[in-house]
Amino acid sequence: MENIYDVIILGGGPGGLSAGLYAGRSRLKTLLIEKAFDGGQIATTAEIENYPGQMEHDSGPSLIERMSAQTVKFGIDKVYETVEEVQLDGPIKTIKTSENTYQSKTVIIATGANPRPIGCPGEKELIGKGVSYCATCDGAFFEDLEVYVIGGGDTAVEEGVYLTRFARKVTIVHRRDELRAAKYLQEHAFANPKIDFMWNSVVVDVKGDEIVEGMTVEDTKTGERREILADEEDGTFGIFVFVGFVPNSGLYEGQITMEGGYIVTDEDMKTNIDGVFAVGDIRVKTLRQVVTAAADGAIAATMADKYISGH
């Protein structure tokens, strides 16, 4: 049993790192597997304002650097490899990566969910520089600026209304001529004097040198294109994309109970498989934020410890 871990954590975002911290501090033999770099979505955020106790002018990378250092302090193992197969049933779980095979008594899944992008030129290059996928994270950075919200579902409309707390004007850009959001959300949006609508429109490119300076939209009915440039005094505007999320859950299909690709857990982060937990954006939940992911990780590691000890 000496080569079998107590806990294997899949994913190095805030949820996974928090789980690693708590598992390591509990003296559990722990391995964290991350395919690329620690931090997940927050690692691409230039500034954060809403994490409790953060340092002044904190950035996503700086916060994650401190989280990672804490996990190292408590002695967990960490590898950067791509997981290719998981076998979660039974008392010993098996994780196969592109390079190795690992076994563990418990598994904490923290592989997150990625915002579905527009998929147009310029979008990726300007993430965190005017392009955002989180109004709660980044809305305050657009105080008294113009903001464009891409999407027409519940999240887009709800976040559009939220952004009116900061922006002087919010334009919801939707590919159809009516919203898909719930009626009560639509009513709130239509009644808000700071919200405008751009119907039958899709964004086909985003322009800017180090910061968003403009975008091109195309009429879905006529094919006509027009360029939207930032106000000269502002120099920029915000583009908030809410066209859905893509949970990174494909590896677990057929093994774990899911809803819409998100893993179902109870309040203790337990899945339908004994000894398997899920935390952060990958699970069904109301609020997907760094602070809630960190809380999920702490709970999951604590429950994993109790599972191993039989309590």
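Report follows, based on the coordinates. (Residues numbered from 1 in each chain as written. Predicted model: local features only at pLDDT ≥ 70, side-chain atom pairs only at ≥ 80, totals over all residues. Heavy atoms only, no water.)

**A look at the overall build of the protein**
- Scanning the protein from terminus to terminus reveals six helices and 19 strands.
- Relative to the 2.2 N^0.38 estimate, which gives 19 Å for 311 residues, the radius of gyration of the protein is 21 Å and therefore close to what a compact globule would have.
- Expressed along its principal axes, the backbone C-alpha trace of the protein runs to roughly 65 × 40 × 35 Å.
- Taken over 311 residues, the protein has a buried fraction of 51%.
- Put simply, of all contacts in the protein between residues at least 6 apart along the chain, 59% involve residues at least 24 apart.
- Only carbon and sulfur atoms are counted for the fraction: they give 48% of the accessible area of the protein, which is about 15,200 Å².
- Between the averaged position of the 30 positive side-chain charges in the protein and that of its 49 negative side-chain charges there is a distance of 5 Å. (Helix = DSSP H or I, 4+ residues; strand = E, 2+ residues; numbered from the N terminus. Rg over C-alpha atoms; globule rule 2.2 N^0.38 Å. Buried < 20%, exposed > 50% of the residue type's maximum accessible area, 1.4 Å probe, protein only. Contact = heavy atoms within 4.5 Å. Areas by Shrake-Rupley, 256 points an atom, 1.4 Å probe, with all protein chains shown as cover. Lys, Arg positive; Asp, Glu negative; His and termini not counted. Charge placed at Lys NZ, Arg CZ, Asp CG, Glu CD.)

**Some details on the side chain of Ser104**
- Among the structural elements, Ser104 can be located in strand S6 (residues 101-109).
- Residue classification places Ser104 among the buried positions, given a relative accessible area of 0%.
- From its side chain, Ser104 meets the backbone nitrogen of Val7 in a polar contact 3.4 Å long.
- Within the local environment of Ser104, its side chain forms a polar contact with the backbone oxygen of Thr106, the two atoms lying 2.6 Å apart.
- Ignoring anything within four residues of it in the chain, the contact list for Ser104 reads Ile4, Tyr5, Asp6, Val7, Ile8, Pro91, Ile92 and Lys93. (Polar contact = N/O pair within 3.5 Å; in protein donor to acceptor, adjacent residues only side chain to side chain.)

**Examining helix H1 (residues 14-25)**
- Given a rise of 1.5 Å per residue, 12 residues ought to cover 16 Å, and the 16 Å separating the end C-alpha atoms of H1 matches this to within 8%.
- Within H1, 10 of the 12 residues are buried, which leaves the element mostly enclosed by the surrounding structure.
- Among all positions of H1, only Pro14, Gly15, Gly16, Leu17, Ser18, Ala19, Gly20, Leu21, Ala23 and Gly24 are buried.
- Buried residues along H1 sit against strand S1 (5-10), strand S2 (30-34), helix H2 (60-73), strand S3 (77-80), S6 and helix H6 (290-309).
- Of the residues flanking the end of H1, it is Arg27, one or two places downstream, whose phi is positive at about 65°. (Expected span 1.5 Å × (residues − 1).)

**Brief notes about the state of the cysteines**
- On inspection of all chains with the given rule, the structure shows one disulfide.
- Between the sulfur atoms of Cys134 and its disulfide mate Cys137 the distance is 2.2 Å. Taking the sign of the S-S torsion, 70° for the link of Cys134 and Cys137, the bridge is right-handed.
- Taking relative accessible area as the criterion, Cys134 reaches 17% and is therefore assigned buried.
- Take Cys120: it sits in no disulfide, and the sulfur closest to it among the cysteines is that of Cys134, at 19 Å.
- Owing to a relative accessible area of 10%, Cys120 belongs among the buried residues under this scheme. (Disulfide = S-S within 2.5 Å.)

**Comments concerning the sheet that holds strand S14 (residues 225-229)**
- Strand order in the open sheet made by the three strands is S12-S13-S14, with antiparallel pairing throughout. Pairing within the sheet leaves two strands with one partner each, and these edge strands are strand S12 (201-207) and S14. This sheet shows a mean twist of 25° between the axes of neighbouring strands, independent of strand direction.
- Bridge count between S12 and strand S13 (residues 214-219): six bridges; the pairing is antiparallel. Its bridge partner being in S13, Val206 is matched across the sheet by Met215. (Pairing = 2+ DSSP bridges. Axes fitted to C-alpha atoms, helices over the stretch in contact; angles between N-to-C directions.)

**Quick look at the pairing of strand S11 (residues 195-198)**
- One ladder, built from four bridges, connects strand S10 (residues 169-173) with S11; its direction is parallel. The residue bridging Thr171 from the neighbouring strand is Asp196, located in S11.
- You can see the chain leave S10, run along helix H5 (residues 183-191) and come back into S11, and the turn it takes is right-handed. (Right-handed = clockwise from strand over helix to strand, strands pointing away.)

**Section: unusual backbone geometry**
- Although it is not a glycine, Arg27 adopts a positive phi angle of roughly 65°.
- Here Arg27 is to be found in the loop between H1 and S2.
- Judged by its relative accessible area of 67%, Arg27 falls in the exposed class.
- Residue Asn200 is not a glycine yet carries a positive backbone phi of 50°.
- Within the secondary structure layout, Asn200 lies in the loop between S11 and S12.

**Section: the sheet that holds strand S15 (residues 238-241)**
- With parallel pairing, the five strands of this open sheet are ordered in space as S8-S15-S9-S10-S11. A strand with exactly one partner marks an edge of an open sheet, and here the two such strands are strand S8 (131-132) and S11.
- In this sheet, S10 lies alongside strand S9 (residues 146-150) in parallel orientation, the contact comprising five bridges. Residue pairing for S10: Val147 is matched across the bridge by Val170.
- Along the sheet face, helix H4 (residues 154-163) touches S9, S10, S11 and S15 and points at about 170° away from the line of S9.

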